[in-house]
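# Architecture and fold: a report
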Amino acid sequence: YDLGHEDLPDTIDGVTGFTPPGQDGGFGVWDVDGHSHGTHVAGTIGAIGSNNIGVVGVNPDPTKFKFHISKGLSDNGSGSYAGIIDCIEDCVAKGAKVISMSLGGSGSSSLMESACEAAYDDGVLVIAAAGNSGSTDYLYPASYPVVMSVASVAYGGGPESDTYGELSYFSTRNDQVEIAGPGSSVYSTVPNDGYGTKSGTSMATPHVSGVAAWLISLFPNCNANQIRNAMLNSVREPPRDADGWDKLYGHGIVDAGAAYSLLSSAGCVGAGGLSPSDAGEAPREMGQGGTYQKDIGCTADHHCYIGASFGPRFCNIDLSPNRCAPGTAPPPSPTASPHSLDTAPMTAHNAVSLVETSLSADAVVLHGNSEPSKVAQPKELKPPLVPTTFVCDCLTNSVTEKPTNIPTKNPTPPPTSPPTSQCLQRNQKCGRDIPGTCCNGTCRGKDGGSCN
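The structure presented is a predicted model; accordingly, all values stated were derived computationally and were not measured.

### Brief notes about the confidence of the model for the chain
Detailed conclusions should not be drawn from predicted coordinates in areas where pLDDT is low. Confidence along the chain averages 79 in pLDDT terms, with 73% of residues attaining 70 or more. Low pLDDT, under 50, characterises residues 333–452; the predicted model gives this stretch 300 contacts beyond four residues in sequence or across chains.

Here it is as structure tokens:
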């Protein structure tokens, strides 16, 4: 982390850090970035948005969140699992709500998985880069079930093109990939008050981590697993042949506005399922990762939808805890009582500031196979990934048009009185020229297909 950078939070803003003990002299220290990778990641999460210079982070107000920087890798971009474990444990001890790791190794470590599980049990959302191999290889810690594995998407031909949000060529693809974010040619901060362009799932990860921290600050009553599931239940569909989960994009592209809207309207349970305490499960047991992350603690059939190719699936509330099961939900018993859902809206009026949400980011983080990057002169950011997303509310029979980007300067909550339009219902044809989604069906946005 380049402490003192003109466009990043400083110690006066509460920035703290940690360097693992027992490192040699070439390892470096947390507040001097000898590589540039960590400073670039930090800028995506929290570059200052009110200073009229540089770039704007997902969390642009340094009075609303705190960085705790744990230096996982040395100045040359290498390190040990022991050092990373020390950093994870330090982040938890310092009260982090989100741990963002743009790093990884090809070998699995039971000790590192245990550290990630312990963090998740302590209420910390752990997010990591899927990898840059372009293959189906597993990278760790991203491929542990309790960790959100992040793929990378590209700008493509822009918002009006069929390639907007297409998968980055280098992005790793496997059954643990859970969500995607912008990771190709990302412009952010680099040391010495500089700015540069880098590509990799390392760049996609802080987009997702930043959105997660933003949501946690606004919905403090939701636990980490619910925030994670709410993000998956509100993704934007990428340009792929069929919606649902796949090993390229996971469940889809992170959509901050849609996640905010879903949590505001459906509450923690309606948006993200049962909490671990209500489900009677340890958080690590509910963290399934990848394809089946949302299965345990579901509260509605649409929580179980992962694509037509997986067949019908429903939320079986007769199991303990609730969980998704194959098949079609049986009709309820005439004497059965309604299943209780937490649908109380949560708005910015009952939100706490990000001061209560410490977000930890690695100071120096690098995939050994990351795409070469180049340093550029300061310039205006490309337009962010902001296609129009149409969100169907089955309860109010309305379609809400929402931006699909991360929050920028002075983020504005989605409108509370959206324009209404007819929702597409089950068994109704959904064409590419019809904006809308099926209620519990397969169509979303303008992707075509038919509701089932």
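### What to know about the side chain of His5
Among the secondary structure elements, His5 is positioned in the segment before strand E1 (16–18). On the accessibility criterion, His5 (3% relative accessible area) is buried. Engagement of the side chain of His5 in a polar contact is seen with the backbone nitrogen of Asp7, the distance being 3.0 Å. In contact with His5, not counting residues within four places along its chain, are Thr39, Thr189, Val190, Asp193, Gly194 and Tyr195.

### Overview of the state of the cysteines
By the definition in use, this model includes 3 disulfides. One disulfide in the model links Cys222 with Cys268; its S-S distance is 2.1 Å. Between Cys222 and Cys268, the S-S dihedral sits near -85°, and the bridge is therefore left-handed. Here the residue Cys222 occupies a position in the loop between helix H4 (201–218) and helix H5 (224–232), and Cys268 occupies one in helix H6 (residues 256–272), the gap between them amounting to 46 residues. Given the relative accessible area of 7%, Cys222 is considered buried. A relative accessible area of 3% means that Cys268 is categorised as buried.

### Observations regarding the environment of Ile88
Here Ile88 lies in helix H2 (residues 81–93). Ile88 sits in the buried class, given a relative accessible area of 3%. Between the C-alpha atoms of Ile88 and Ala118, which are 30 residues apart in sequence, the distance is 9.5 Å. If we skip the residues at most four places from it in the chain, Ile88 touches Ile99, Met101, Met112, Ala115, Cys116 and Ala119.

Rules of the game
Residues numbered from 1 in each chain as written. Predicted model: local features only at pLDDT ≥ 70, side-chain atom pairs only at ≥ 80, totals over all residues. Heavy atoms only, no water. pLDDT = per-residue confidence, 0-100. Contact = heavy atoms within 4.5 Å. Helix = DSSP H or I, 4+ residues; strand = E, 2+ residues; numbered from the N terminus. Buried < 20%, exposed > 50% of the residue type's maximum accessible area, 1.4 Å probe, protein only. Polar contact = N/O pair within 3.5 Å; in protein donor to acceptor, adjacent residues only side chain to side chain. Disulfide = S-S within 2.5 Å.

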